[in-house]
Amino acid sequence: MTTAEPLLRLCLLGGFRLEYGAAAVDVCAGGRRLLAYLGLHRHASRSVLAGTLWPDVTEERAHGSLRTTLWRLHRGRRPLVHSDQDTLSLADAVSVDAHAFTESALRIVRVPGSGAHGEELPRYLLYDGDLLPGWDEDWVLFERERLRQLRLHALDVLAAQLIAQGRHALALEAALESVRIEPLRESAHRAVVAVHLAENNVVEAIRHYCAFSCLLHEELGVEPSAHFTSMLPIPLNDR
């Protein structure tokens, strides 16, 4: 009977981490950047990787750094990077948390009701930190914002689904999680107010609207949209 190989997991959300089973694997700086790039983009040519990851040196030195990094990554370990002529890709055995999150969040957005199961919010939607915090490369910044927006939209959709199902406590959790990630996002605050109104908690709805209105005015000098204001059951000047 053979013993199964420990799982290889590349974690990019909340910080870089490579796990081999339950143990964290130490990775050199160049290796972290190479694995992160391949983890986000799945595959890339050697030229693209060398130019993107080592942009401040000559092409020859960049390619040399890439070769050295690949050698270091493969010393005494299961292969992490697969080579197919000029194309490098992450080995199939390596799972990536950013991929799993993207697939699950897109399923909620695309398939009505797909995320509204169970008695808790889906774990992957809860905020564990940004993609690779502290990394300021352009390719990271773009993906970081893409994943942040996807999380927020998935939470908005999930909150609406849960309200429609009458599962108000979980709907409120989803809406407030979105508010926590982006306090100035109106759609998240509308979801909070919609939950309160669905439970006939008019005072809570108005209180939350007013708090958001004050925050928006202090931070940006603007008012909530007419659509948001129209959700309230009474005109604010009649309160």
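Okay, so let's go over this structure. (Residues numbered from 1 in each chain as written. Predicted model: local features only at pLDDT ≥ 70, side-chain atom pairs only at ≥ 80, totals over all residues. Heavy atoms only, no water.)

### Remarks on empty space enclosed by the protein
Summed over all chains, the structure comprises 1 cavity of 30 Å³ or more. By volume, the largest cavity is sized at about 70 Å³. In terms of lining, the largest cavity is formed by Leu 13, Tyr 127, Gly 129, Asp 130, Leu 131, Arg 144, Leu 147, Arg 148, Arg 151 and Ile 181. In terms of residue count, helix H5 (residues 138–164) provides more of the lining of the largest cavity than any other element does, 4 residues in total. Partitioning the lining of the largest cavity into residue classes produces 5 nonpolar, 1 polar and 4 charged. (1 Å grid on protein atoms, 1.4 Å probe; cavity = no way out; pocket = protein on both sides within 12 Å on 5 of 7 lines; lining within 4 Å. Points joined across faces, edges and corners; volume = space filled by probe spheres on them. Helix = DSSP H or I, 4+ residues; strand = E, 2+ residues; numbered from the N terminus. Nonpolar A, V, L, I, M, F, W, Y, C, P; charged D, E, K, R; others polar.)

### Describing the sheet that holds strand E2 (residues 17–20)
Strand order across the open sheet formed by 4 strands is E3-E2-E1-E7, with mixed pairing between neighbours. Because the sheet does not close on itself, it has two edges, and the strands there are strand E3 (23–25) and strand E7 (94–96). Strand-to-strand twist across the sheet, computed as the mean angle between neighbouring axes with direction ignored, equals 30°. Examined bridge by bridge, strand E1 (residues 8–11) and E2 share 4 bridges and lie antiparallel to one another. Within E2, the residue paired with Cys 11 across the bridge is Arg 17. (Pairing = 2+ DSSP bridges. Axes fitted to C-alpha atoms, helices over the stretch in contact; angles between N-to-C directions.)

### What to know about the pattern of salt bridges
In this structure the tally under the stated criterion is 10 salt bridges. With a closest N to O distance of 3.7 Å, Arg 33 and Glu 137 form a salt bridge. With Arg 33 in helix H1 (residues 29–41) and Glu 137 in the loop between helix H4 (97–110) and H5, the pair connects residues that are 104 residues apart, well separated along the chain. Glu 186 is paired through a salt bridge with Arg 190; the nearest N and O atoms lie 2.8 Å apart. Of this pair, Glu 186 and Arg 190 both sit in helix H7 (residues 186–198), 4 residues apart, which is roughly one turn of the helix. Under the relative-accessibility criterion, Glu 186 is labelled buried at 16%. One salt-bridge network, in which partners are shared between bridges, spans Arg 9, Arg 17 and Glu 19. (Salt bridge = Lys/Arg side-chain N within 4 Å of Asp/Glu carboxyl O. Buried < 20%, exposed > 50% of the residue type's maximum accessible area, 1.4 Å probe, protein only.)

### Comments concerning the pairing of strand E5 (residues 81–84)
Relative to strand E6 (residues 87–90), E5 runs antiparallel, the two being bridged by 4 bridges. Directly across from His 82, in E6, lies its bridge partner Ser 89. Between E5 and E6, which pair antiparallel in sequence order, lie 2 residues; one of them, Gln 85, sits at a positive phi of approximately 55°.

### Some points on the side chain of His 168
By secondary structure assignment, the location of His 168 is in helix H6 (residues 168–181). Judged by relative accessible area, which is 18%, His 168 ranks as buried. Leaving out residues up to four positions away in the same chain, His 168 has contacts with Ile 163, Val 195, Ala 198 and Glu 199. (Contact = heavy atoms within 4.5 Å.)

### Some points on H6
Under the 1.5 Å per step criterion, the end-to-end length of H6 is 20 Å for 14 residues, consistent within 8% with the ideal 20 Å. Among all positions in H6, only His 168, Leu 170, Ala 171, Ala 174, Ala 175, Glu 177, Ser 178, Val 179 and Ile 181 are buried. (Expected span 1.5 Å × (residues − 1).)

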